[in-house]
Amino acid sequence: MCNTDNRCFLYACLSVLHYNDISHKLRHRPSKYKPYLGEINVEGIDFPFQVGSLPRFHMQNPSLAVNLLQWRTEEARAAVLVPAPVPKEEEEDSQRRVVNILLVQKTGEDCFHYVGVPNLDRLLNTHNGGDTSSRYYCSRCLRPFWTKEQREEHVQSVCRLAKVHHVAMSKE
């Protein structure tokens, strides 16, 4: 996203939510997301967006659950910086949309950028060390599975119940 207004977190969320609504040739233009800006409540949230603002963002946007990822270049792996919140039991039937956002920071610099990740499996499968077989990744712990069914069983029986923080995908 080529924005100049420090709202890359907002545009990253919208780029995931409206991935199929905008032509792939125009997805990098913030102007294409302006019609959707009112869909996300950012009242009282300062920009550039700070990770510490995520709890407030989730409170103001109950239909969204941001899963904040970070690419660690020096280790050639992805890590879950802040996992998407798991709804309380009474909210379990609600359809919270998980939005994967990648936090990118150049080594040795204070500047960072948020990028929407519309397909987490595609992102992580590009770094399998030459292995061409596709895997399906749990968005909370980044564990790979060979089938979608295995991933779903894991999510329902393990990750949904666990409090996961700062987990990392191994190089293998």
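Since the model is a prediction, treat every value here as computed from it, not as a measurement.

Rules of the game
Counting of residues starts from 1 at the beginning of each chain's written sequence and follows it residue by residue. The predicted origin of the model limits local features to residues at a pLDDT of at least 70 and limits the giving and counting of side-chain atom pairs to 80 or more, whereas totals for whole chains, interfaces and linings rest on all residues. The side-chain numbers reported here are obtained from all heavy atoms of the structure, hydrogens and water having been left aside. Secondary structure is summarised from DSSP: a helix means a run of H or I of at least four residues, a strand means a run of E of at least two, and numbering begins at the N terminus for each. Partly exposed residues are those whose accessible area sits between 20% and 50% of the maximum for their type, while under 20% is buried and over 50% is exposed, using a 1.4 Å probe and protein chains only. Any pair of N or O atoms that falls within 3.5 Å is considered a polar contact. Within protein, one atom must be able to donate a hydrogen and the other to accept it, and sequence-neighbouring residues count only if both atoms are side-chain atoms. A pair of aromatic rings is counted whenever rings of Phe, Tyr or Trp (Trp by its six-membered ring) have centres within 6.5 Å, and the orientation is called stacked for planes under 30 degrees apart, edge-to-face for over 60 and tilted otherwise. Only buried residues count toward a nonpolar core. Its members are Ala, Val, Leu, Ile, Met, Phe, Trp, Tyr and Cys residues joined through side-chain atoms within 4.5 Å. In what follows, a contact means two residues having at least one pair of non-hydrogen atoms within 4.5 Å. Think of a salt bridge as a Lys or Arg side-chain nitrogen and an Asp or Glu carboxyl oxygen that are within 4 Å of each other.

Peer 1: Explain the environment of Arg27 here, please?
Peer 2: Position of Arg27 relative to the elements: it lies in the loop between α1 (8–17) and α2 (54–60). A relative accessible area of 21% means that Arg27 is categorised as partly exposed. Separated by twelve residues in sequence, Arg27 and Ser15 place their C-alpha atoms 7.1 Å apart. One polar contact links the side chain of Arg27 to the main-chain carbonyl oxygen of Tyr19, over a distance of 2.9 Å.

Peer 1: When you look at the environment of Gln156 in this model, what are you seeing that I'm missing?
Peer 2: By the secondary structure assignment, Gln156 is in helix α4 (residues 148–159). The partly exposed category is assigned to Gln156, whose relative accessible area is 40%. There is a polar contact of 2.9 Å between the side chain of Gln156 and the side chain of Glu152.

Peer 1: Whenever I open this one, unusual backbone geometry confuses me. Can you help?
Peer 2: Negative phi characterises most residues that are not glycine, and trans characterises most peptide bonds. For the bond from Phe47 to Pro48, the omega torsion is 5 degrees, close enough to zero to count as cis. Positive phi values are uncommon outside glycine, yet Leu142 reaches one of about 65 degrees. Mapped onto the fold, Leu142 is located in the loop between β5 (136–137) and β6 (144–145). For Leu142, a relative accessible area of 2% corresponds to the buried category.

Peer 1: Sorry, what's going on with the packing of aromatic side chains here?
Peer 2: Note on aromatic pairs: each is described by the distance of the centres and the angle between the planes. Using the criterion set out here, one finds seven aromatic pairs in the structure. When the ring of Phe112 is compared with that of Tyr114, the centres are 5.6 Å apart and the planes differ by 85 degrees; the resulting orientation is edge-to-face. Residue Tyr114 is classed as buried on the basis of its relative accessible area, which comes to 2%. Members of the aromatic cluster, joined through ring pairs, are Phe9, Phe47, Phe49, Phe57, Phe112 and Tyr114.

Peer 1: Just checking my understanding: could you explain α1 for this structure?
Peer 2: Helical periodicity: at 3.6 residues per turn, an α-helix aligns residues three or four positions apart in one direction. Taken across its ten residues, α1 has ten buried, putting it largely inside the fold. Three or more residues of α1 are buried, namely Cys8, Phe9, Leu10, Tyr11, Ala12, Cys13, Leu14, Ser15, Val16 and Leu17.

Peer 1: Could you clarify how one ought to interpret the nonpolar core in this entry?
Peer 2: Here is a general trend for soluble globular proteins: nonpolar side chains tend to be buried in one another's company. Phe9, Cys13, Ile40, Phe49, Phe57, Ile101 and Tyr114 are the most contacted members of the largest nonpolar core, which totals 26 residues. For this core, the secondary structure elements donating two or more residues are α1, α2, β1 (64–72) and β3 (97–105). Top contributing element to this core by residue count: α1, with nine residues. Apart from the residues within four sequence positions on either side, Ile40 is in contact with Leu10, Cys13, Leu14, Leu17, Phe57, Asn61 and Leu64. Counting eight residues, the second-largest nonpolar core is a separate cluster that includes Leu102, Val117, Leu120 and Leu142.

Peer 1: Can you help me understand the pattern of salt bridges in this one?
Peer 2: Any two side chains of opposite charge can pair, on the condition that their charged atoms come close. Applying the stated rule across the entire model yields one salt bridge. For Asp121, the salt bridge is made with Arg151, and the minimal N-O distance between the two is 2.9 Å. Here the residue Asp121 occupies a position in helix α3 (residues 120–125), and Arg151 occupies one in helix α4, the gap between them amounting to 30 residues. Note on accessibility: Asp121 and Arg151 belong to one class, buried.

Peer 1: Help me out: how do you make sense of the side chain of Ser15 in this one?
Peer 2: Along the polypeptide, Ser15 turns up in helix α1. A relative accessible area of 11% means that Ser15 is categorised as buried. Within the local environment of Ser15, its side chain forms a polar contact with the backbone oxygen of Ala12, the two atoms lying 2.7 Å apart.

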